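So the chains spell out like this:
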Amino acid sequence: MSQAEVFDPTVYLNGEWGPLSEARIPVLDRGFIFGDGVYEVVPLYAQAEGARLPFRLAQHFARLNRSLGKIRIDNPFDDAGWRALIDRVIDDNAGAGDALVYIQVTRGVAKRRGHAFPAGLTPTVFIMLSKIAFPSTEERARGAVAVTAEDKRWLHCDIKSVSLLGNVLMAQHAAENDALETIQLRDGLLTEGSSSNVWIVKNGTLLGAPRGPRILEGIRYGLIEELAREAGIAFEERDITEAELRSADEIMISSATKEVMPITTLDGKSVGGGRPGPVYAALFEAYQRAKTREFAAEAARAK
Ligand code: PDD
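Cut-offs used in this document
Residues numbered from 1 in each chain as written. Predicted model: local features only at pLDDT ≥ 70, side-chain atom pairs only at ≥ 80, totals over all residues. Heavy atoms only, no water. Buried < 20%, exposed > 50% of the residue type's maximum accessible area, 1.4 Å probe, protein only. Helix = DSSP H or I, 4+ residues; strand = E, 2+ residues; numbered from the N terminus. Pairing = 2+ DSSP bridges. Near = heavy atom within 4 Å. Polar contact = N/O pair within 3.5 Å; in protein donor to acceptor, adjacent residues only side chain to side chain. Areas by Shrake-Rupley, 256 points an atom, 1.4 Å probe, with all protein chains shown as cover. 1 Å grid on protein atoms, 1.4 Å probe; cavity = no way out; pocket = protein on both sides within 12 Å on 5 of 7 lines; lining within 4 Å. Sits in = over half its atoms within 2 Å of the grid points. Nonpolar A, V, L, I, M, F, W, Y, C, P; charged D, E, K, R; others polar. Axes fitted to C-alpha atoms, helices over the stretch in contact; angles between N-to-C directions. Contact = heavy atoms within 4.5 Å. Expected span 1.5 Å × (residues − 1). Phe/Tyr/Trp six-rings, centres within 6.5 Å; stacked < 30°, edge-to-face > 60°. Lys NZ or Arg CZ within 6 Å of the ring centre and 35° of its normal. Parallel < 35°, antiparallel > 145°, perpendicular 65-115°, else oblique. Left-handed = near helix turned anticlockwise from the far one by under 90°. Points joined across faces, edges and corners; volume = space filled by probe spheres on them.

A word on the pairing of strand β11 (residues 205-208)
Of the two faces of β11, the one holding Thr205 and Leu207 and the one holding Leu206 and Gly208 are both buried throughout. In this structure, strand β10 (residues 197-202) lies alongside β11, joined through four bridges in antiparallel fashion. In the strand pairing of β11, Ile200 is matched with Leu207. Between the antiparallel neighbours β10 and β11 lie two residues, among them Asn203 with a positive phi of about 50°.

What about the site of the ligand?
Near the ligand you find 18 residues, and of these Tyr39, Glu192, Ile219, Arg220 and Ala256 are the closest. Glu192 is positioned with one of its side-chain polar atoms (N or O) 2.7 Å from a nitrogen atom of the ligand. Calculation on the ligand without its partners gives an accessible area of 470 Å², and the protein chains cover 91% of this total. Judged by the fraction of its atoms near the pocket grid, the ligand is located in the largest pocket. Elements represented by at least two residues in the shell around the ligand include exactly β3 (37-46), β9 (189-193), α6 (219-231) and β13 (250-255). Tallied by class, the residues present in the shell around the ligand amount to five nonpolar, nine polar and four charged.

Concerning the sheet that holds strand β6 (residues 124-131)
Two strands in a sheet stick together by hydrogen bonds in their backbones, pointing the same way (parallel) or opposite ways (antiparallel). Strand order in the open sheet formed by six strands is β2-β1-β6-β5-β3-β4, and the pairing between neighbours is antiparallel. Strands with a single pairing partner mark the edges of an open sheet, and in this sheet they are β2 (16-19) and β4 (52-54). Neighbour-to-neighbour, the strand axes of this sheet turn through a mean angle of 25°, independent of strand direction. Here β3 pairs with β4 via three bridges, running antiparallel. The partner of Ala46 across the bridge, within β4, is Arg52. Those strands touched by helix α3 (residues 79-92) are β1 (10-13), β2, β3, β4, β5 (99-106) and β6, and its axis lies near 40° from that of β6.

A closer look at α6
The end-to-end C-alpha distance of α6 is 19 Å, a good match for the 18 Å that 13 residues give at a rise of 1.5 Å each. If you check which residues of α6 are buried, you get Ile219, Arg220, Tyr221, Gly222, Leu223, Ile224, Glu225, Leu227 and Ala228. Within two residues after α6, Gly232 carries a phi angle of roughly 70°, on the positive side.

Regarding the packing of aromatic side chains
Scanning the entire structure with this criterion turns up 13 aromatic pairs. On the numbers, 5.9 Å between centres and 50° between planes, the contact of Trp199 with Phe235 is tilted. With Trp199 in strand β10 and Phe235 in strand β12 (residues 235-237), this pair connects stretches of sequence that are 36 residues apart. Relative to Phe235, the ring of Tyr221 lies with its centre 6.3 Å away and its plane at 80°, an arrangement referred to as edge-to-face. Taken together, the residues span a long stretch of sequence, with Tyr221 in helix α6 and Phe235 in strand β12 at a distance of 14 residues. In this structure an aromatic cluster arises from ring pairing among Tyr45, Phe55, Phe134, Tyr287 and Phe295. Over the ring of Phe117 we find Arg107; its NZ or CZ atom is 3.5 Å from the centre of that ring. Lys131 extends its terminal NZ or CZ atom over the ring of Phe7, reaching a point 4.4 Å from the ring centre.

Section: the packing of helix α2 (residues 57-70) against α3
The geometry of α2 relative to α3 is characterised by a closest axis approach of 11 Å and an angle of 120° between their N-to-C directions. By the criterion of interaxial angle, the relationship of α2 to α3 is oblique. Helix-helix and strand crossings are classified by hand; for α2 and α3 the assignment is right-handed. Between α2 and α3, the residues in contact are Leu57, Phe61 and Leu64 and Asp79, Trp82, Arg83 and Ile86, respectively.

Description of empty space enclosed by the protein
A complete count under the given rule lists one cavity of 30 Å³ or more for this structure. The computed volume of the largest cavity comes to approximately 40 Å³. The wall of the largest cavity is formed by Asp249, Glu250, Ile251, Met252, Pro262, Ile263, Thr264, Val271, Arg275, Pro276, Gly277 and Tyr280. Mapped by element, the contributors of at least two residues to the lining of the largest cavity are β13 and β14 (259-266).

Right, dumping it as structure tokens:
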């Protein structure tokens, strides 16, 4: 892509709107110095007439509020305030194609570097839209490659923290092994991917690792529970052993950027015959129906 074609979205930073290429934060921002902040990634789906609609936005706001609460940053906006900003980010970056909204809130800019946080800082708020291509039909039909690794992250993975070094190294591990994702195990139990939740199917039952401090509860976690119910698929939230992972009939991952995506190769071995399985297919269909339902409600709200 030539320099002229680089997408330079209009972003929000601390009350100001301007091009991403010109957005600046002071180096003593605690997000920069300590990774002291949290974030959200919300998918936006292209509709007819160039509109883009968020999916599960209320749930993303609720999780942002929970993450902020866990690290003791006051939420700078209520849901209506956030919604107004998101609507403006969407309007100011009108164009074709699917996108993501990235929201980051850090503790703010301190006067000097010191680990403990001073009282009275004003949080830094940043919102940006970026373009994305969701997995294609061909990629879905083929399924993706995953590798495994030991989960060496801290034990507050439930906080959607911008301190992502552990996740970054795991994503790099996947990239260097020509894999889409690294599936992590802690003490012999499945936790999650570097940037996704992981699901397995055993004898027709869908299994997900327990919610709690060892995983980030994806917005798609509760959604997939709902979709399984709708599709008549039994679901259990419980510890999943490495042996169960390796002998699973199906493995899939979920995230804002992948929706639900089948894993057909794990550590070089094919999963369930090397093709996406029936539980994945049913959940993917149900996911598409859930979007259609929500977008109809969104469109009604906009009128
Ligand atoms: N990541 N677990 C981790 C560690 C994640 O980073 C993500 C999402 C998920 C799935 O959450 P959700 O269903 O809300 O997307 C689980 C986003 C996409 C990211 O960091 O870009």
